[in-house]
Amino acid sequence: MKKRILMCSLVAALAPAGMLLATSSTALAQTAPASRTVTPAIEGFHVEKVPRLEQGAALHFHVYGTQNATVNVTIDGATRGVQMQETDPGRYSGSYVIGNHDRFQPNSPVTAEMRLGSQVATTVLRDGLVSGAAASAQAQEPVRPLASKEAGVASAAPGAAPPPPPRTTERPRVARYCTSCAVVEKVEIVREATGGARPLASDVQAAQRYRVTVRFDTTEAIQAIEYDNNPGYRKGDRVRVNDGVLSLDKE
């Protein structure tokens, strides 16, 4: 009888503890959050269009979608991509400045990629990159480079005539002022008189001289210079006269 009373008392004492443990386990099971994977989603893709695709022009892109994701934009034919920044929750912005080596057109595909963990979402830009009627005019025209400062020539508009070649200006010829310059007027043989007797052949050769008559360019003066032997000048030769000595004018 005493053992039964003791067992009943022990059960009554342990019952509150068992109920408390069961209640705690149920509460923990109810408050534990269920794990779930967030899938990225792109809700919008927009570009601020430019009048022309030319070097130095900036394309501004905007992507809308899931927060806290990594977003990149790529242009087919571009030399690099655009890493977008989350400026507001779920809004990403980035810019691309066109370089001289880019080879894309107004209708080139532009893709936005949103990555969140191991999940990726992509979309393609529906609009072109060039605004208004300029889009069709530049549809087949590559990126237009800026003119270099060294060249100093602006790029021609599509279909315009090529620029004329640079004009070469000749240096004006300056007339020489040469006081010793002259032109040979004539070359003649002069024989000295030998008296009444008939001269020998050797005497005739000794009495024969050459006279060269020249006319100066600046003064039109005439001067005759004699030589014992043939000096080799002919009429029309341009010469210089220095102290009674003739020399060919090579200038």
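Position numbers for residues start from 1 in each chain and track the written sequence from start to end. Residue-level local features of this predicted model are given only where pLDDT is at least 70; pairs of side-chain atoms are given and counted only at 80 or more, and the full residue set underlies all totals for whole chains, interfaces and linings. Calculation of side-chain values draws on the structure's entire complement of heavy atoms; hydrogens and water are dropped beforehand.

1. Quick notes on the side chain of Thr 213
- Think of it this way: any DSSP run of H or I at least four residues long counts as a helix, any run of E at least two long counts as a strand, and we number them from the N terminus. Summarising the element assignment, Thr 213 is placed in strand E10 (residues 208-216).
- Between two residues, a contact is recorded if the distance between any of their heavy atoms is within 4.5 Å. In this structure, Thr 213 is in contact with Val 183, Val 184, Glu 185, Lys 186, Glu 188, Ile 222, Gln 223 and Ala 224, ignoring residues within four places of it in sequence.

2. Looking at the environment of Gly 117
- As for its placement among the helices and strands, Gly 117 is situated in the loop between strand E7 (110-116) and strand E8 (119-124).
- When the C-alpha atoms of Gly 117 and Thr 39 are compared, they prove to be 8.9 Å apart, with 78 residues separating the residues in sequence.

3. With respect to the pattern of salt bridges
- Just to be clear on terms, a salt bridge is a Lys or Arg side-chain nitrogen sitting within 4 Å of an Asp or Glu carboxyl oxygen. Summed over the entire model, instances satisfying the criterion amount to nine salt bridges.
- For the salt bridge of Asp 228 with Arg 209, the shortest nitrogen-to-oxygen distance reads 2.1 Å. Of this pair, Asp 228 sits in the loop between strand E11 (222-227) and strand E12 (238-242) while Arg 209 sits in strand E10, and the two are 19 residues apart along the sequence.
- The salt bridge partner of Glu 226 is Arg 211, with a shortest N-O separation of 2.8 Å. Here Glu 226, found in strand E11, pairs with Arg 211, found in strand E10; they are 15 residues apart in sequence, far enough to count as distant.
- What emerges from the salt-bridge pattern is a single network uniting Glu 188, Arg 209, Arg 211, Glu 226 and Asp 228.

4. Focus: the sheet that holds strand E13 (residues 245-248)
- Here, strands pair whenever DSSP counts at least two bridges between them. With respect to topology, five strands assemble into an open sheet ordered E11-E10-E9-E12-E13, the strand pairing being antiparallel. Since the sheet does not close on itself, it has two edges, and those belong to E11 and E13, each with one partner. Geometrically, the sheet is characterised by an average inter-axis angle of 40° between neighbouring strands, direction not taken into account.
- Here six bridges tie E10 to E11, and the two strands are oriented antiparallel to one another. Here an axis means a line fitted to C-alpha atoms, over the contact stretch when the element is a helix, while the angle between two N-to-C directions is reported on a 0 to 180 degree scale.

5. Some points on the nonpolar core
- We define the nonpolar core as a collection of buried residues of types Ala, Val, Leu, Ile, Met, Phe, Trp, Tyr and Cys that are connected through side-chain atoms lying within 4.5 Å of one another. Burial classes: relative accessible area under 20% of the type maximum marks a residue as buried, over 50% as exposed, and values in between as partly exposed (1.4 Å probe, protein chains only). Phe 61, Val 63, Val 73 and Leu 129 are the most contacted members of the largest nonpolar core, which totals 25 residues.
- Of all the secondary structure elements, the ones that give two or more residues to this core are strand E1 (42-48), strand E2 (58-65), strand E3 (70-75), strand E6 (91-97) and E7.
- Examining the composition of this core, we find that four residues originate from one element, E7, more than from any other.
- Aside from chain neighbours lying at most four places away, what touches Val 63 is Ile 42, Gly 44, Phe 45, Val 71, Val 73, Met 84, Gly 90, Arg 91, Tyr 92, Ala 112 and Met 114.

6. What to know about the confidence of the model for the chain
- In the predicted model, the chain carries a mean pLDDT of 77, and 62% of its residues have values of at least 70.
- Every residue is assigned a pLDDT by the predictor, reflecting its confidence on a scale from 0 to 100. Across residues 147-156, confidence stays below pLDDT 50; counting only partners more than four residues off in sequence or on other chains, it has seven contacts.

7. Here we look at the sheet that holds E8
- Spatially, four strands are ordered E4-E3-E7-E8 in an open sheet, and the strand pairing comes out antiparallel. Single-partner strands in this sheet number two, and they are strand E4 (82-83) and E8.
- Relative to E8, E7 is paired through six bridges, and the arrangement is antiparallel. Bridge assignment links Thr 111 to a residue of E8, and that residue is Val 124.

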